[in-house]
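In case you want the letters, here they are:
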Amino acid sequence: SETSIRRYRPCSADGAVGMTVGSLFSGIGGFDPGFERAGYDVRWQVEIDDYANRVLAKHWPNVKRYRDIRAIDWRDVEPVDVVCGGFPCQPHSVAGRRRASKDDRDLWPEVVRCLRETRPGWFVGENVTGLLSSEDGRFFGTVLRDLAACGFDVEWDCLPAADFGANHLRERVWIAAYRHGERSQKRQVLSSFPGQAGRNDDGKDTAVGDWGAAGPRVVRAFHGIPKRVDRVRTLGNAIVPQVAEWLAGRILAADAD
């Protein structure tokens, strides 16, 4: 039934039960370190790009990785508590042709297939703000209907990375979806985000928690970067882990209530 949820909750050395997460469109890892720092166990990653896979293999050598999301048989994939991912933004970006569902790069149907077959308790998604107006809003309507058909209630909001300590605005749409009938405390997961908590009184950017500097303001100005073009492209596509960590913590708090 739609209310049936597959769960896998490993125990840590001290016997504590943790939440597990699977990462779609992992890139060089944006969601993954954020969720890990919130206390989750990353169980698998999906990424087709060769350079990004080398980065993932370096930082998560023991995590199972899959390449083409279209070729995955989800019946063979370990169930997790949370599925997360920033599905391709090119079909919706105002910098492109905005062909949306007519774009060959539109992989939203593959996200839906994953959710239907793996049945996680939560889905966390991210995309450019152009997603909201894509196809005059019809595409986002499809996203909401698809998630409802998968058994989820949905929240969404536009969160700027600058409000979480980044040196750039990077405003993105974030989606938090949880199972129908779950406790009402889970609602408003996306409320009360840090806002200007990522800024000092003098307006200078600071990092949330102990992440340290969010990175150079202009990465293209640095010489000697290995695989420079690939690095710039993958950095541009990556999310800011601080946002993922904050949202992952909100999910843990909602599950604990």
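Predicted model, so just to flag it, every value in this text is computed and none were measured.

**A closer look at the sheet that holds strand 5 (residues 122-128)**
Line of reasoning, step 1. The sheet built from 7 strands is open, its strands ordered 3-2-1-4-5-7-6 with mixed pairing. The open sheet terminates on both sides in strands that have one partner only, identified here as strand 3 (64-66) and strand 6 (152-160). Averaged over all pairs of adjacent strands, the angle between their axes in this sheet comes to 20 degrees, without regard to strand direction.
Line of reasoning, step 2. Pairing of strand 4 (residues 82-85) with strand 5 involves 4 bridges; the strand directions are parallel. Residue pairing across strands places cysteine 84 opposite valine 124, the latter belonging to strand 5.

**Side note on the nonpolar core**
Line of reasoning, step 1. Grouped together as the largest cluster of nonpolar side chains are 32 residues, with contacts concentrated most on Phe31, Phe35, Tyr40, Val82, Trp122, Val124 and Trp174.
Line of reasoning, step 2. Every element with two or more residues in this core is listed here: helix 1 (31-37), strand 4, strand 5, strand 7 (171-179) and helix 6 (241-256).
Line of reasoning, step 3. It is helix 6 that provides the largest number of residues to this core, a total of 7 residues.
Line of reasoning, step 4. Leave out the neighbours within four places in its chain, and phenylalanine 31 touches Cys84, Gly85, Gly86, Val124, Glu126, Trp174, Ile239 and Ala244.
Line of reasoning, step 5. Counting 30 residues, the second-largest nonpolar core is a separate cluster that includes Ile72, Phe152, Val173 and Ile175.

**Focus on the pairing of strand 4**
Line of reasoning, step 1. Of the two faces of strand 4, the one holding Val82 and Cys84 and the one holding Val83 and Gly85 are both buried throughout.
Line of reasoning, step 2. Across 4 bridges, the pairing between strand 1 (residues 20-24) and strand 4 is parallel. Bridge pairing links glycine 22 to valine 83 in strand 4.
Line of reasoning, step 3. Read from strand 4 through helix 3 (residues 108-118) to strand 5, the crossover connection turns out right-handed.

**Brief notes about the pattern of salt bridges**
Line of reasoning, step 1. Under the defined criterion, the tally for this structure stands at 9 salt bridges.
Line of reasoning, step 2. Notably, a salt bridge pairs aspartate 50 with arginine 67, separated by 2.4 Å at the nearest N-O pair. You can see aspartate 50 sitting in helix 2 (residues 50-59) and its partner arginine 67 sitting in the loop between strand 3 and strand 4, a full 17 residues away along the chain.
Line of reasoning, step 3. Between glutamate 126 and arginine 172 there is a salt bridge; the shortest N-O distance is 3.5 Å. Taken as a pair, glutamate 126 in strand 5 and arginine 172 in strand 7 lie far apart in primary sequence, 46 residues in all.
Line of reasoning, step 4. It is possible to trace a salt-bridge network through shared partners that takes in Asp41, Arg43 and Glu78.

**Some points on the pairing of strand 7**
If a strand is regular, its side chains alternate between the two faces of the sheet.
Line of reasoning, step 1. The buried fraction of strand 7 is high, at 7 of 9 residues.
Line of reasoning, step 2. With 7 bridges joining them, strand 5 and strand 7 adopt antiparallel strand pairing. Residue pairing for strand 7: glutamate 126 is matched across the bridge by tryptophan 174.
Line of reasoning, step 3. Looking at chain direction, strand 6 and strand 7 are connected through 9 bridges and run antiparallel. Looking at the pairing, glutamate 155 lines up with alanine 176 of strand 7.

**So, the environment of aspartate 106**
Line of reasoning, step 1. With respect to the helices, strands and loops of the structure, aspartate 106 is situated in the loop between strand 4 and helix 3.
Line of reasoning, step 2. Since its relative accessible area comes to 14%, aspartate 106 is described here as buried.
Line of reasoning, step 3. In contact with aspartate 106, not counting residues within four places along its chain, are Pro91, Ala100, Ser101 and Phe139.

**Describing the confidence of the model for the chain**
Line of reasoning, step 1. For the chain, per-residue confidence averages 80 on the pLDDT scale, and residues scoring 70 or more make up 73% of the total.
Line of reasoning, step 2. Every residue in residues 196-208 scores below 50 in pLDDT, and together they form 23 contacts with partners more than four places removed in sequence or on other chains.
Line of reasoning, step 3. This model gives residues 212-226 a pLDDT under 50, and the stretch forms 20 contacts once residues within four places in sequence are excluded.

**Things to note about helix 6**
Line of reasoning, step 1. Here helix 6 contains 16 residues, and its C-alpha end-to-end distance of 22 Å stays within 8% of the 22 Å for a straight helix at 1.5 Å per residue.
Line of reasoning, step 2. Within the sequence span of helix 6, burial applies to Pro241, Gln242, Val243, Ala244, Trp246, Leu247, Ala248, Ile251, Ala254 and Asp255.

**Structural notes on the packing of aromatic side chains**
Line of reasoning, step 1. Within this structure, the stated rule accounts for 9 aromatic pairs.
Line of reasoning, step 2. Through pairs of rings, three or more aromatic residues link up here, namely Phe31, Phe35, Tyr40 and Trp174.
Line of reasoning, step 3. Over the ring of tyrosine 66 we find lysine 64, and its NZ or CZ is 5.3 Å from the ring centre.
Line of reasoning, step 4. Seen from the ring of phenylalanine 152, arginine 179 lies directly overhead, with NZ or CZ sitting 4.3 Å from the centre.

What counts, and where the lines are drawn
- Residues numbered from 1 in each chain as written.
- Predicted model: local features only at pLDDT ≥ 70, side-chain atom pairs only at ≥ 80, totals over all residues.
- Heavy atoms only, no water.
- Pairing = 2+ DSSP bridges.
- Helix = DSSP H or I, 4+ residues; strand = E, 2+ residues; numbered from the N terminus.
- Axes fitted to C-alpha atoms, helices over the stretch in contact; angles between N-to-C directions.
- Core = buried A, V, L, I, M, F, W, Y, C linked by side-chain atoms within 4.5 Å.
- Buried < 20%, exposed > 50% of the residue type's maximum accessible area, 1.4 Å probe, protein only.
- Contact = heavy atoms within 4.5 Å.
- Right-handed = clockwise from strand over helix to strand, strands pointing away.
- Salt bridge = Lys/Arg side-chain N within 4 Å of Asp/Glu carboxyl O.
- pLDDT = per-residue confidence, 0-100.
- Expected span 1.5 Å × (residues − 1).
- Phe/Tyr/Trp six-rings, centres within 6.5 Å; stacked < 30°, edge-to-face > 60°.
- Lys NZ or Arg CZ within 6 Å of the ring centre and 35° of its normal.

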